[in-house]
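Chain and residue survey
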Amino acid sequence: MRESKQVEFKAQWNDEHLKTICAFANSEGGIIYIGVDDKGNPIGIANIDKLLEDIPNKILSKLGVIADVDVEIVKGQEVIKIKVEKSEVPISYDGKFYIRTGSTIQQLSGNELVRFMLKKQRISWDSLPSEAGVDEVDIETIERFKRMAKKRLPEISEEDSIEKILKNLELVKEDKLTNAGLLLFGKKPQKYIHGAGARVGRFKTPTIILDTIDVSGNLFKQLDGLMEAIKKHLNVRFEIKGIEREDIWDYPLEAIREAVINALIHRDYLSLADIQIKIYDNKIWFFNPGKLPEEITIEMLKQDHGSIPRNRHIAYVFFLAGLIEKWGSGTKRMVELCREAGLPEPEFKEEGGFVVEFYKDIYTEEYLAKLGLNERQIRAVMYVKEKGKITNKEYQGICNISKATATRDLTELVNMGIFSICGEGKRTLHYILMNQK
C-alpha cells in the first residue's frame, strides 16, 4: 500500500482530515485509511465503533457529502476505510475549497477558484456577462461578420440589427455583452478585460530583441494584426507556376494562421498574461496562457481528436465566420501543412501555458537525431548544407569508414527523402539535399 493522488493514510482520526475528504470530493474522489502509518503499515485504531458512527455524521454535517465508511482488515489489523466519490458540485470545508494535486492538498483562491467553480458548474467564462453595454460594439466588425458568416449562417441578413445578431448568438445577457461578445465585437475589450491582448517580437537571441509589436482590439482585429506583424518578419520568395506567381514563405501561412486562431480561441482570459509570439532566425514560438483540458494530451494533438474548447462561444463564432473548419482539427492541420512544405512537424508543449514551436530548417542536428540518423549521417547532412553536395568517396574520408558502410548510410538517407542522387555514371555520382533538387 502506498499513498497516491487518490489514496491517503492517517494513523488516527482528526477532524482536520475533513479537509482531505473535501479535496478528494472536488477532484477525482479517493480513499482515506485510518489506522495506517505513512509507510502504509496497518497499526490498528482504538474506539473503532464510535468512529464508525461519528465520522459519517461529521462528513455529512461539515461537507454535505455522503461517504462510504467501513472497516477493513489489513494484515490482521482493523482499519477504517473512507471512500469518497467525486462530487459534481463544489464542496467547501469551513468556507474554503480544496483539491487534490498529486499526493498533496491545495487550497484554491483567486482566479484558480474562479476556474474551478466555473468548471464544476459547467459554465464557460466567455458566457458570463461583462461590464460593457451593447454600445461598445464595433459596427465595422459586426458588418464584416455578416459577410463572413453568410455561407454557414445563410439566414443572416445585411439588414439584421446588432441587437438581433448578438441575441441570436447568445452574446448578450442582462443588457450587457457577454465576455465572448465583448472580445469578439467590442471596440476595445482591453478596457474591461485586462491582458486580453497579444505581442509579437523579433528576436536575434533570447535576450536580444530587434522589434516588438503590441496588438489589441477585438479578436477579429487581433487576428489581422498578428498575421501582419508575423509576416513583417518572415522571408518570402516567388515562384512562377504557369502564368501565375506563387508566394513561398518561410513557413506555410495557413499553419501560422491556425496557430494564431488556436491561441485566440483557447487562451485563458482570466490570466493577465498576453499571447506571446517570438520570431527567431530559425523558428517561431507561440505562447498561449491556457493549458490543455485534462481530457486532451499532447500526443492526441497530431491526430484526430475531440474538441473541448475553453471558450465555447468564441469558438462557435469563429466557426460561423469560416475561420476554423471544425473543432479539434487545427493542430492536426498545422502538422499536415508543415509536412507538405517539407518542414519539421511543429512541437506542442505545456510550459506554464500552451506552446507551439515551428521550425524553419529541417536539417538541424537536433531534428535529424529525432529522425533516427546516426552521427555519421548527421555529419554528412551538415557537410552538404555547407558544401552543396557529397560523394561516396568524400563520405568515406570524412567518417573514416568502408565503402560498404558509406553506401548503406547514403542509401538510407535517400530512402528517407533527405538526400537525392544526382549525376550519371560512377565518376559524377553525388548526393544533394532533397529540397535543393
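Attention in this report is confined to the structure presented alongside it. Per chain, residue numbering runs from 1 following the sequence as it is written. This being a predicted model, a pLDDT of at least 70 is required before a residue's local features are given, and a value of 80 or more before pairs of side-chain atoms are given or counted; all residues contribute to the totals for chains, interfaces and linings. Side-chain numbers here rest on the full set of heavy atoms in the structure, without hydrogens or water.

**A few points about the overall build of the chain**
Scanning the chain from terminus to terminus reveals 14 helices and 19 strands. In terms of overall dimensions, the chain is more spread out than a globule: its C-alpha atoms have a radius of gyration of 29 Å, far above the 22 Å expected for 437 residues. Counting only C-alpha atoms and orienting by the principal axes, one finds that the chain spans roughly 95 × 70 × 40 Å. Every one of the 437 residues in the chain was classed for burial, and the buried ones make up 45%. We call two residues contacting when some pair of their heavy atoms lies within 4.5 Å. Looking at the chain alone, contacts between residues at least 24 apart form 60% of all its contacts between residues at least 6 apart. For every accessible area listed, the method is Shrake-Rupley and the probe measures 1.4 Å; residues are considered covered only by the protein chains on display. Counting only carbon and sulfur atoms, one obtains 48% of the accessible surface of the chain, whose full area is about 23400 Å². None of His or the chain ends enter the tally, which takes Lys and Arg as positive and Asp and Glu as negative. Where a charge sits is defined by one atom per residue type, namely NZ (Lys), CZ (Arg), CG (Asp) or CD (Glu). Of the side-chain charges in the chain, 66 are positive and 68 negative, and the distance between the mean point of each set is 5 Å. Secondary structure is summarised from DSSP: a helix means a run of H or I of at least four residues, a strand means a run of E of at least two, and numbering begins at the N terminus for each. Note on method: radius of gyration uses C-alpha positions; expected globular size equals 2.2 Å times residues raised to 0.38. We call a residue buried when its accessible area falls under 20% of the maximum for its residue type, exposed when it is over 50%, and partly exposed in between, using a 1.4 Å probe and counting protein chains only.

**Focus on the sheet that holds strand β7 (residues 104–107)**
Pairing between strands is defined by DSSP: at least two bridges between them are needed. With antiparallel pairing, three strands are arranged side by side in an open sheet as β5-β6-β7. Edge positions in the sheet fall to β5 (92–93) and β7, since each has one partner strand and no second. Alignment of strand β6 (residues 96–101) against β7, held across four bridges, turns out to be antiparallel. Bridge assignment links tyrosine 98 to a residue of β7, and that residue is glutamine 107. Angles shown run from 0 to 180 degrees and are taken between the N-to-C directions of axes, each axis being a line fitted to C-alpha atoms and, for helices, limited to the stretch in contact. In the packing of helix α1 (residues 17–26) onto the sheet, contacts are made with β5, β6 and β7, and the angle to β6 comes to roughly 70°.

**Focus on the sheet that holds strand β4 (residues 77–84)**
Read across the open sheet, the four strands follow the order β1-β2-β4-β3; overall the sheet is mixed. Edge positions in the open sheet fall to β1 (7–10) and β3 (68–74), since each of these has one partner strand only. When strand polarity is set aside, the average angle formed by the axes of neighbouring strands in this sheet is 25°. Judged from the five bridges that link them, strand β2 (residues 30–34) and β4 form a sheet pairing that is antiparallel. Residue isoleucine 34 lies in a different strand from β4, and its bridge partner there is isoleucine 80. The strands touched by α1 are β1, β2 and β4; relative to β2, the strand with the most contacts, the crossing angle is about 160°.

**A closer look at the state of the cysteines**
Should the sulfur atoms of two cysteines be covalently bonded, the bond is a disulfide. Any two cysteine sulfur atoms within 2.5 Å of one another count as a disulfide. Counting across every chain of the model gives zero disulfides. No disulfide involves cysteine 399; its nearest neighbouring cysteine sulfur is the one of cysteine 422, lying 20 Å away. Using a relative accessible area of 12% as the deciding quantity, one classes cysteine 399 as buried.

**Section: helix α2 (residues 48–63)**
Its 16 residues give α2 an end-to-end C-alpha distance of 22 Å, which sits within 8% of 22 Å, the value for a rise of 1.5 Å per residue. Those residues of α2 that sit buried are Ile48, Leu51, Ile55, Ile59 and Leu63. Where α2 is buried, its residues contact α1, β3, β4 and β5. Phi turns positive one or two residues past the end of α2, at glycine 64, with a value near 70°. By definition here, a helix of n residues has an expected span of 1.5 Å times n minus one.

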